[in-house]
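# Topology and contacts: notes
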Amino acid sequence: MNIERPTECAVNTVTSKIALAVLMTLGATSAYAKDTVVLNGFDMTLDQAWEIAEGDAEVKIDRKAEKRLEKAYDTLMTAARTGKPVYGLTVGVGLNKDHKLFDASGEMTPEALKASREFQYNALRSHSAGVGEPMDAEMVRLGMAVRLNTLLHGQTGVQPEVADLYVEYLNHDIIPVIPSQGTVGEADILLASHVGLAMIGEWEVFYKGERVSSAEAMKDAGIEPLSPIGKDALSILSNNAFATAYAMKGLKQAEQVMEVAPTTFALSLEALNGNVAPYLPQTNEVRPFPSVQAMSKTILEQLDGSYLWDANAKRPLQDPLSFRTTGYTLAMAQKATDELEKMLLIQVNASDDNPAVVLNPSKEHLKESQLQQYLVDGKGGVFPTANFNPLPVAMAVQQLNIALAQVSHNTAMRTLRLSDDHFTGLPRFLTAPGNMGHAFGAVQKTFADLHTRNKHLAQPVTFEGIAIAGNIEDTFTNMKLASDNLIGITDNLYTMFGVELLHSTQAIDLRRMENPDLKLGKATEKLYDAYREKVSFVKVDRPYTPDIAAGKLVVEQF
């Protein structure tokens, strides 16, 4: 017998597993329970951000990112020393308008330092004016992870200590209490300011299961409070990290909707005894929209092995439009979902600061005198920007809202048709034999209500608002509102798909009473089975509220 000796790697692997098992037995696994995500400001994935938000990963700053932070801060302070306009240093603080900021050694004068610090503290205090219930801890952590990564892009000009504090808060699970409302989508200044207020020790946080003062939490965790200077306060409060976090949550839910939507529809097509013709390649080659072709292929894949591929004399030549056009509807929703993901990946890996510290500005237009005032010799420059405007992300959210409202329409119409004996050839309202009750007749009001809500939530909001701040701030995106709407729409769709499954599975069971050999597609059979594990066939009328709740969970988890 030839016995192979284990390699050194294999031995180490076995040894490591044994050691880990021993540690687990001893209850000493905390050091092994979490991954470490190293952030550099340029390539954080949305999954990594969620891993941090959900507490499954600790955070570490990449060394190159640390160097960028230092260079950007030095550039900002050099700009101030040379008289360049820097908000909070050379402008924005009354004392600084007619006093020298720096002494002969290059250090800030005591008077200027005092005035700048007062400006920082007052900015954080006066901008902490949100309303509503506190954000969930997961959303706060997600927003802080986003802001930390955008700081590390290296164009804010903050002290490196600011980034360090974000790391400490995340790794020690210190959650600032942040109101959930009060942003118009031109940076979340009235919400994000609470992070800075906590960091200077003047606010409350959730820590170790309790709501306590941030000063108390930082002392317990061994963290020194922030002593802000320069552009620290402005950079902490003026960004879109929290609205971005809510857009990410909406995207995550939309991705789940789009994951289950083709299978949910395909099962309904089987329940209807519908026609596959609108989804055939021969059909869609006539007008080759790539997204529609791709979605049609996906729908057909769900029907692999289905009885719908066999000719059936009872099958109509043309189905209701809510069935025939769902390929287009889902295609547009998938396209909008993909676009939002693209915009978010740019947003979380770039700076939305104003002004921006640009370390290596492109050469274009640099000789013009207008640009010369922004430059710092040999170090880059400090440029005014409009990067606080998150319109590309907000518009992508809004477009997805509209696309999903169309999905909402189709699922509502399909569910109605499944209750209609004229289209299915089955008992009206999918009533089981011997059931003398209403069956699914009254359930229609549920998805009618949710669809009406979805239409309302899909209304565009990016151009809503009133001019504020002395008529300077006269344009808005309302990105968090749009994102809240996306979260609401997707949550409603979970329920609506669950109600559609209540109908489609009932119809399938009624058909199998006539034809026990009726075959579903491989994918649709899995969804059918998953649903039937939670919700049984309706033989006689019963309360449907538990069934609807169970169906929603199936959709969320499938």
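Structural data are supplied above this passage.
Let us look at the structure shown here. What you are looking at is a predicted structure, and each value in this text was computed from that prediction instead of being measured.

## Some points on the overall build of the chain
Secondary structure summary: the chain contains 22 helices and 10 strands in total. Its C-alpha atoms give the chain principal-axis dimensions of about 95 × 75 × 45 Å. Taking all 558 residues of the chain together, 51% fall into the buried category. Taking the contacts inside the chain whose residues are at least 6 apart along the sequence as the reference set, 77% of them involve residues at least 24 apart. When the accessible surface of the chain is totalled, it reaches about 26400 Å², and 54% of it is carbon and sulfur. The positive charge centre, built from 51 side chains, and the negative charge centre, built from 68, are 3 Å apart in the chain.

## Observations regarding the packing of helix 11 (residues 241-272) against helix 15 (residues 326-347)
For the pair helix 11 and helix 15, the least separation of the axes is 10 Å and the interaxial angle reads 150°. Between helix 11 and helix 15, the angle is such that the two are roughly antiparallel. The crossing of helix 11 and helix 15 is left-handed. Here helix 11 contributes T244, A247, M248, L251, A254, E255, M258, A261, P262 and F265 to the contact with helix 15, which in turn contributes T326, L330, A333, Q334, T337, L340, E341, L344 and Q347. Tallied by class, the residues present in the contact of helix 11 with helix 15 amount to 12 nonpolar, 5 polar and 2 charged.

## Some remarks on the pattern of salt bridges
Across all of its chains, the model carries 19 salt bridges by this definition. Among the ionic pairs, K480 bridges to D484, the shortest N-O distance being 3.0 Å. Linking K480 with D484, this pair stays in helix 20 (residues 479-514), spanning 4 residues, or about one helical turn. Since its relative accessible area comes to 29%, D484 is described here as partly exposed.

## Observations concerning the packing of helix 11 against helix 13 (residues 290-302)
Relative orientation of the contacting elements helix 11 and helix 13 amounts to 60°, with a least axis distance of 8 Å. With respect to their mutual orientation, helix 11 and helix 13 come out oblique. Between helix 11 and helix 13 lies a crossing of right-handed hand. Each of M258, P262, T263, F265 and A266 in helix 11 lies in contact with helix 13, whose residues at this interface are M295, T298, I299 and Q302. Partitioning the contact of helix 11 with helix 13 into residue classes produces 6 nonpolar, 3 polar and no charged.

## Regarding the sheet that holds strand 4 (residues 175-176)
Backbone hydrogen bonds hold the strands of a sheet together, and the pairing may be parallel or antiparallel. Spatially, the 3 strands line up as an open sheet ordered 4-6-7, and their pairing is antiparallel. The open sheet is flanked by strand 4 and strand 7 (210-213), the only strands paired with a single partner. Packed on one face of the sheet, helix 9 (residues 214-221) meets strand 6 (204-207) and strand 7 and runs near 95° to strand 7.

## Side note on the pairing of strand 6
What you see with strand 6 is a clean split: V205 and Y207 sit on the buried side and E204 and F206 on the side with no burial. For strand 4 and strand 6, the ladder comprises 2 bridges, and the chain directions are antiparallel. By the bridge assignment, P176 is partnered in strand 6 with V205. Bridge count between strand 6 and strand 7: 4 bridges; the pairing is antiparallel. Note that in strand 7 the partner of E204 across the bridge is S213. Counted along the chain from strand 6 to the antiparallel partner strand 7, the turn is 2 residues long, and its residue K208 has a positive phi close to 55°.

Criteria and thresholds
- Residues numbered from 1 in each chain as written.
- Predicted model: local features only at pLDDT ≥ 70, side-chain atom pairs only at ≥ 80, totals over all residues.
- Heavy atoms only, no water.
- Helix = DSSP H or I, 4+ residues; strand = E, 2+ residues; numbered from the N terminus.
- Buried < 20%, exposed > 50% of the residue type's maximum accessible area, 1.4 Å probe, protein only.
- Contact = heavy atoms within 4.5 Å.
- Areas by Shrake-Rupley, 256 points an atom, 1.4 Å probe, with all protein chains shown as cover.
- Lys, Arg positive; Asp, Glu negative; His and termini not counted.
- Charge placed at Lys NZ, Arg CZ, Asp CG, Glu CD.
- Axes fitted to C-alpha atoms, helices over the stretch in contact; angles between N-to-C directions.
- Parallel < 35°, antiparallel > 145°, perpendicular 65-115°, else oblique.
- Left-handed = near helix turned anticlockwise from the far one by under 90°.
- Nonpolar A, V, L, I, M, F, W, Y, C, P; charged D, E, K, R; others polar.
- Salt bridge = Lys/Arg side-chain N within 4 Å of Asp/Glu carboxyl O.
- Pairing = 2+ DSSP bridges.

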